[in-house]
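Chain residues, written in single-letter form:
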Amino acid sequence: MGWGGILGFEYGIVLAPMGSDIAGPELVAAVANAGGLGLLRGPEWESPEYVKELIRKTRKLTDKPFGVGVLQSFPHKENIKAVLEEKVAVLQLYWGECPKELVLEAHNAGVKVVPQVGSVEEAKKAINVGVDAIIVQGHEAGGHVIGQDGLISLLPRVVDLVGDHDIPVIAAGGIVDARGYVAALALGAKGICMGTRFLATHESYAHPTYKRKLIEHDETEYTDVFGRAIWHAPHRVLQTPFICDWKSLPVQENETNQPIIARSIIHGVEMAIRRFAVNDPNPTTTGDIESMALYAGQGVGLIKEILPAEEVVKRLVEGAQLLIQQRFGGESV
């Protein structure tokens, strides 16, 4: 086992492209400066010039490489073109197909392609088109969850499938500390991808109330109540009083005819947030924050404090090294 880098990065620690805009330039740069791979979250609509602006803002904060995550369930072709023109280190794809033509186009631009998968079948497709790494998302993950299998069963199956291919496998879902990091390594991963742990950092662009709720709550709910009108995909959120009251929302109900509960500026666009909307709160959000989508993975109960992103990376790396040495060094296992 090891804790070294992947794809040329110092450490095998990846920041997931979280939320509507939670993984912004400040957080991505902080993770990059600490030796990890930070992934910017682009808008859920075509805005190539804005994507370029995000990338350039990040470059002012770090001279280290980083990437951009593109959600393929929404219009994205022009945004991907902007990512390739800016020649960032990594294009991360999720919730959509990863065609060979796009992989070749990215490689010609000097950009590595890393899709996120939630099943063995998706992993097979990714391997066949020549991707550079694969993020395997377990059912424990926060936010929108693409598969049904838990990480501990899915991850080693994908590792075995990759076999001798030079494609690092990155584990995602419920990992927040060094113990989870080492467990992922033991299952064959070369790195880990985290959202919830980096959400609870000083640099994340989450609303302060959202961050506080991550510390206060231990449980999550797997549901589909948020964002049904635009993206009917299951997701994991904090088990707040709001979600407990509404988790049995009738299937025909969605956010379209609901009252406005908050207002926010997301990727520079002013938005009215209706009850059950897909958006999570950032620092510009005003209104009923606690009734919004507060995404979090099952590892949230292990998060006890808000930390600088650099400290999160440091504790993961040093903790993993110590744990491997103390628990497994010189022992038969």
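Keep in mind it's a predicted model, so treat the numbers as computed, not measured. (Residues numbered from 1 in each chain as written. Predicted model: local features only at pLDDT ≥ 70, side-chain atom pairs only at ≥ 80, totals over all residues. Heavy atoms only, no water.)

Student: Provide a residue-level description of the packing of aromatic side chains, including the pertinent values.
Tutor: Counted by the stated rule, this structure contains five aromatic pairs. Between W95 and W231 the ring centres are 5.2 Å apart and the planes differ by 80°, which places this aromatic pair in the edge-to-face class. You can see W95 sitting in the loop between β4 (90-94) and α4 (100-108) and its partner W231 sitting in the loop between β10 (220-223) and β11 (235-238), a full 136 residues away along the chain. The exposure classification of W95 matches that of W231, with both residues buried. Pairing F242 with W246 gives two aromatic rings, centres 6.3 Å apart and planes at 40°, and the pair type is tilted. Remark: W246 and F242 occur in helix α10 (residues 241-246); sequence separation between them is four residues, near one turn of the helix. (Phe/Tyr/Trp six-rings, centres within 6.5 Å; stacked < 30°, edge-to-face > 60°. Helix = DSSP H or I, 4+ residues; strand = E, 2+ residues; numbered from the N terminus. Buried < 20%, exposed > 50% of the residue type's maximum accessible area, 1.4 Å probe, protein only.)

Student: Would you mind going over the sheet that holds β10 in detail, with residue names and values included?
Tutor: Across the sheet, three strands lie side by side as β7-β11-β10; this open sheet has antiparallel pairing. At either margin of the open sheet sits one strand with a lone partner, and together these are β7 (143-144) and β10. Relative to β11, β10 runs antiparallel, the two being bridged by four bridges. When the sheet's bridge partners are listed, T220 is paired in β11 with L238. (Pairing = 2+ DSSP bridges.)

Student: Describe the pairing of strand β3 (residues 67-71), listing the residues and the values that go with them.
Tutor: For β3, the tally of buried residues reaches five of five residues, placing the bulk of the element in the interior. Judged by which residues are buried, β3 turns out to be covered on both faces: G67, G69 and L71 on one side and V68 and V70 on the other are all buried. In the sheet, strand β2 (residues 37-41) pairs with β3 via three bridges, with the strands oriented parallel. From the neighbouring strand, R41 faces β3, where its bridge partner is G69.

Student: Lay out the pattern of salt bridges in plain terms, naming residues and giving numbers.
Tutor: This model, assessed by the stated rule, comprises 15 salt bridges. Its salt-bridge partner being K52, residue E85 comes within 2.6 Å of it at the nearest N-O pair. Pair noted here: E85 is in helix α3 (residues 77-86) and K52 is in helix α2 (residues 48-61), with a separation of 33 residues, a long-range link. Judged by relative accessible area, K52 falls into the buried class, the value being 12%. Here D177 and R179 are joined by a salt bridge, their closest N and O atoms 2.8 Å apart. D177 gets classed as buried once you look at its relative accessible area, which sits at 19%. Via salt bridges that share partners, R212, K213, E216 and E290 belong to a single interconnected network. (Salt bridge = Lys/Arg side-chain N within 4 Å of Asp/Glu carboxyl O.)

Student: Hey, could you go over the side chain of T201 for me, with residue numbers and the actual values?
Tutor: Along the chain, T201 turns up in the loop between α8 (196-199) and α9 (208-216). Of the polar contacts made by the side chain of T201, one reaches the backbone nitrogen of S204; its length is 3.4 Å. The contact partners of T201, leaving out residues within four places of it in the chain, are L27, K211, I306, L307, P308, A309 and V312. (Polar contact = N/O pair within 3.5 Å; in protein donor to acceptor, adjacent residues only side chain to side chain. Contact = heavy atoms within 4.5 Å.)

Student: Describe the sheet that holds strand β9 (residues 191-194), and please don't skip the residues or the numbers.
Tutor: The strand order β1-β2-β3-β4-β5-β6-β8-β9 describes a closed barrel built from eight strands, whose pairing is parallel. Across this sheet, the average inter-strand angle for adjacent strands is 25°, counted without regard to direction. Two strands pair when backbone bridges link them, and strand β1 (residues 13-15) and β9 are joined in this way by three bridges, in the parallel orientation. Considered in β9, the bridge of L15 is made with M194. Along the sheet face, α3 touches β3 and β4 and points at about 160° away from the line of β4. (Axes fitted to C-alpha atoms, helices over the stretch in contact; angles between N-to-C directions.)

Student: An account of the environment of G42 is needed here, citing residue identities and associated values.
Tutor: Within the secondary structure, G42 is located in the loop between β2 and α2. Taking C-alpha positions, G42 is 19 Å from L294, a pair spaced 252 residues apart along the chain. Each residue touching G42, except ones within four places of it in the same chain, is listed here: S20, G69 and H267.

Student: Any details on the state of the cysteines? Residues and values, ideally.
Tutor: Tallying each qualifying case throughout the model produces zero disulfides. Take C193: it sits in no disulfide, and the sulfur closest to it among the cysteines is that of C98, at 16 Å. What makes C193 buried here is its relative accessible area of 5%. (Disulfide = S-S within 2.5 Å.)

Student: Give a detailed account of the packing of α2 against α3, specifying residues and quantitative values.
Tutor: α3 packs onto α2 with a crossing angle of 35° between their chain directions and a minimal axis gap of 8 Å. Crossing handedness for the pair α2 and α3: right-handed. Contact residues: P48, V51, K52, I55, R56 and R59 in α2; E78, N79, A82, V83, E85 and E86 in α3. Of the residues assigned to the contact of α2 with α3, the class counts are five nonpolar, one polar and six charged. (Left-handed = near helix turned anticlockwise from the far one by under 90°. Nonpolar A, V, L, I, M, F, W, Y, C, P; charged D, E, K, R; others polar.)

Student: Run through the environment of T220, naming residues and quoting values.
Tutor: Along the chain, the position of T220 falls in strand β10. For T220, a relative accessible area of 12% translates into the label buried. Separated by 152 residues in sequence, T220 and V68 place their C-alpha atoms 27 Å apart. In contact with T220, not counting residues within four places along its chain, are R236, V237, L238, Q239, A296, G297, Q298 and V300. Polar side-chain contacts of T220 include one of 3.3 Å to the side chain of R236.

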